[in-house]
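A closer look at the structure
Below, each chain spelled out in residue letters.
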Amino acid sequence: MGCSGLRGRRRFGALAAAVLGLVLGPGPGPGPEARLALAGETGPVRPSPQQVGLPGPLRVSGPYFVDPSGRVILLRGINLAGDSKVPPFAPRVGPADLDRVADLGFNVIRLLFLWEAYEPSPGAYDEAYLASVMAVAAEAARLGVFTIVDFHQDGFSRHASYGTGDGFPRWAVSPRGRPSAPNNGPFSSDWPLMMALDPTTHRSFADFFADEHGVRSRYLLMISRVASSFVTIPGVIGYDLINEPWGHERRELAPLYRDADAVIRAVHPSAILFLEGHVKTNTGIQTRLPRPDFGPVAYAPHYYNPSTIVLRHWHGLTATMDLAFHHMTATAAAWNSPLFVGEFGMDARVTGSGAYVEEVYNRLDAAFASGAHWNLTPGWTEHLKDGWNGEDFSILDPSGRLRPNYRPRPYPRATAGEPTRFAFDRGSPRFKASTLEYDWIHHPDRGPTEIFVPRLVFPPGFPAEARAADPSAIVSVWYDEAAQLLRIQTDRPTAVSLRARAR
């Protein structure tokens, strides 16, 4: 476990035990869903009316996530964890790891949830696994970090894609195919090719969407059960319904998302659904998903530059990245929903990985878009790397030091008003100091605007100046060094421009 210290392990173990009691303990009467009912089974335990009546910690308002005070929340997060895709599945994430997540300024985790781990055989649920994942979300909430539950799969299953996939249980693999023995070791880096070439993978997805053997029905029942448990954790803001799926976007994915919305909304009404297009959109190709006729939702594509991964070198050419962000922002605008880039990042061994990641973050800043970096794996080892198919994307080494593929950055995490423009320039160690610029329309009745300003970039005592467009307005600026937050408040509504510079 990445957590260090006996006290932390005991605290986290007690939390997991408490969550397991919540999962297994008595609840309000079980309510079977007619559309989900399978022979001899009932639906998930429903939350109490008091739980259903509680507002979610975030809501969607047009292109923004908004908190209960009406402030615009920008989500900058991390995926947890790369080795959760394979046995023993339970996230090897402890309190010290989540403390580090918060200290680096991340305010959301995209938390992997594996169907294979939860329902290893039809109708048999491993509630201890569910409790272990819920314990991570509960600890994150204690630190003020939101959680998105990610129903994760790659290449359908560890028993498909010639053994290099993950996600769906073996029993979900199409009987028209030929199941493979799992092979997620360090020499399976060609898994995207294996996924594309294995007929069993494609037959399994086709059968799933057609519900040929009841797998789609079981999937909907599973996510409903999971949501009925996670609704009890206030920091859980929503669900990524299926990671990097195959399938026709209009005929197969869109109906699945509509049905998943219905079953999740029945047990977790405030949940935000994070919707992805076909796996090929990861390269920046425009999605054909129709605008959802339900909500609240966020458009949640992934972005990886394929040539950089294949050549293992960042060439510095940004045309394809620019086009990818044009496509992603255009879809979010057409949906009138937030853009949340659910995965981005780069293998730490790639030459120029840090510069590549900086370019991605620059485009997130320019679009005022949210996202979650892939990934943090506390169980990282020199041999197994992230623990799945030889991937090496984790941003920290086992000692907790930053790796070349990530450097902390400032961002406006809570804006009491309407954002106008945000930009960060890291400068250079020898010639130019790091600077940040932020412009917004401030509404003081919503509270202070808060900008995460990492001490690793802006040491204590950095100069910061906020000017109001209204010359009679009083502007207050103060820095919370412990929280690494620059807070700005005015005595009346006005446009504000903030400029800060590292010494």
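Below is a summary of the structure that appears in this document. (Residues numbered from 1 in each chain as written. Predicted model: local features only at pLDDT ≥ 70, side-chain atom pairs only at ≥ 80, totals over all residues. Heavy atoms only, no water.)

As a further point, take the packing of helix H5 (residues 127–142) against helix H8 (residues 215–230). Running from N to C, H5 and H8 cross one another at 45°; their axes reach a closest spacing of 11 Å. Put simply, H5 runs oblique to H8. Considering the relative orientation of H5 and H8, their crossing is right-handed. Residues Glu127, Leu130, Val133, Met134 and Ala137 of H5 pack against Arg225, Val226, Ser229 and Phe230 of H8. Within the contact of H5 with H8, the residues separate by chemical class into 6 nonpolar, 1 polar and 2 charged. (Axes fitted to C-alpha atoms, helices over the stretch in contact; angles between N-to-C directions. Helix = DSSP H or I, 4+ residues; strand = E, 2+ residues; numbered from the N terminus. Parallel < 35°, antiparallel > 145°, perpendicular 65-115°, else oblique. Left-handed = near helix turned anticlockwise from the far one by under 90°. Contact = heavy atoms within 4.5 Å. Nonpolar A, V, L, I, M, F, W, Y, C, P; charged D, E, K, R; others polar.)

Peptide bonds are mostly trans, and most non-glycine residues show a negative phi. With an omega of 5°, the peptide bond running from Pro87 to Pro88 counts as cis. With a phi close to 70°, Phe89 is a non-glycine residue in the positive phi region. Examined against the element boundaries, Phe89 turns out to sit in the loop between strand S4 (76–80) and helix H3 (95–103). For Phe89, a relative accessible area of 10% corresponds to the buried category. In this structure, Gln484 is a non-glycine residue whose phi angle is positive, near 60°. Position of Gln484 among the secondary structure elements: in the loop between strand S17 (475–480) and strand S18 (485–490). (Buried < 20%, exposed > 50% of the residue type's maximum accessible area, 1.4 Å probe, protein only.)

The subject of this paragraph is the pairing of strand S8 (residues 272–275). With burial as the criterion, each face of S8 is covered, one bearing Ile272 and Phe274 and the other bearing Leu273 and Leu275. Handedness of the crossover is the feature at issue here: the chain leaves strand S7 (residues 236–240), passes through helix H9 (residues 249–267), returns alongside S8, and the resulting connection is right-handed. Judged from the 3 bridges that link them, S8 and strand S9 (residues 297–299) form a sheet pairing that is parallel. Within S9, the residue paired with Phe274 across the bridge is Ala298. (Right-handed = clockwise from strand over helix to strand, strands pointing away. Pairing = 2+ DSSP bridges.)

Our focus in this paragraph is the nonpolar core. The nonpolar side chains of soluble globular proteins are, as a tendency, buried together. By size, the foremost hydrophobic cluster in this structure holds 96 residues, and its most contacted members are Ile109, Phe113, Ile223, Phe230 and Tyr239. Per-element accounting of this core gives the leading share, 9 residues, to H8. Not counting residues within four places of it along the chain, the set of residues in contact with Phe113 comprises Tyr118, Tyr129, Leu130, Val133, Val149, Asp150, Phe151, His152, Met222, Val226 and Phe230. Ranked by size, the runner-up nonpolar core spans 23 residues in total, among them Leu74, Phe368, Ala466 and Leu486. (Core = buried A, V, L, I, M, F, W, Y, C linked by side-chain atoms within 4.5 Å.)

With that settled, consider the sheet that holds strand S16 (residues 464–468). Read from one edge to the other, the open sheet built from 4 strands follows the order S13-S14-S19-S16, with strand pairing classed as antiparallel. At either end of the open sheet lies a strand with only one pairing partner, and these are strand S13 (417–425) and S16. Pairwise comparison of adjacent strand axes, ignoring direction, gives a mean angle of 10° for this sheet. Sheet analysis places S13 next to strand S14 (residues 435–442), joined by 8 bridges and oriented antiparallel. Among the inter-strand pairings, Pro419 is bridged to a residue of S14, identified as Trp440.

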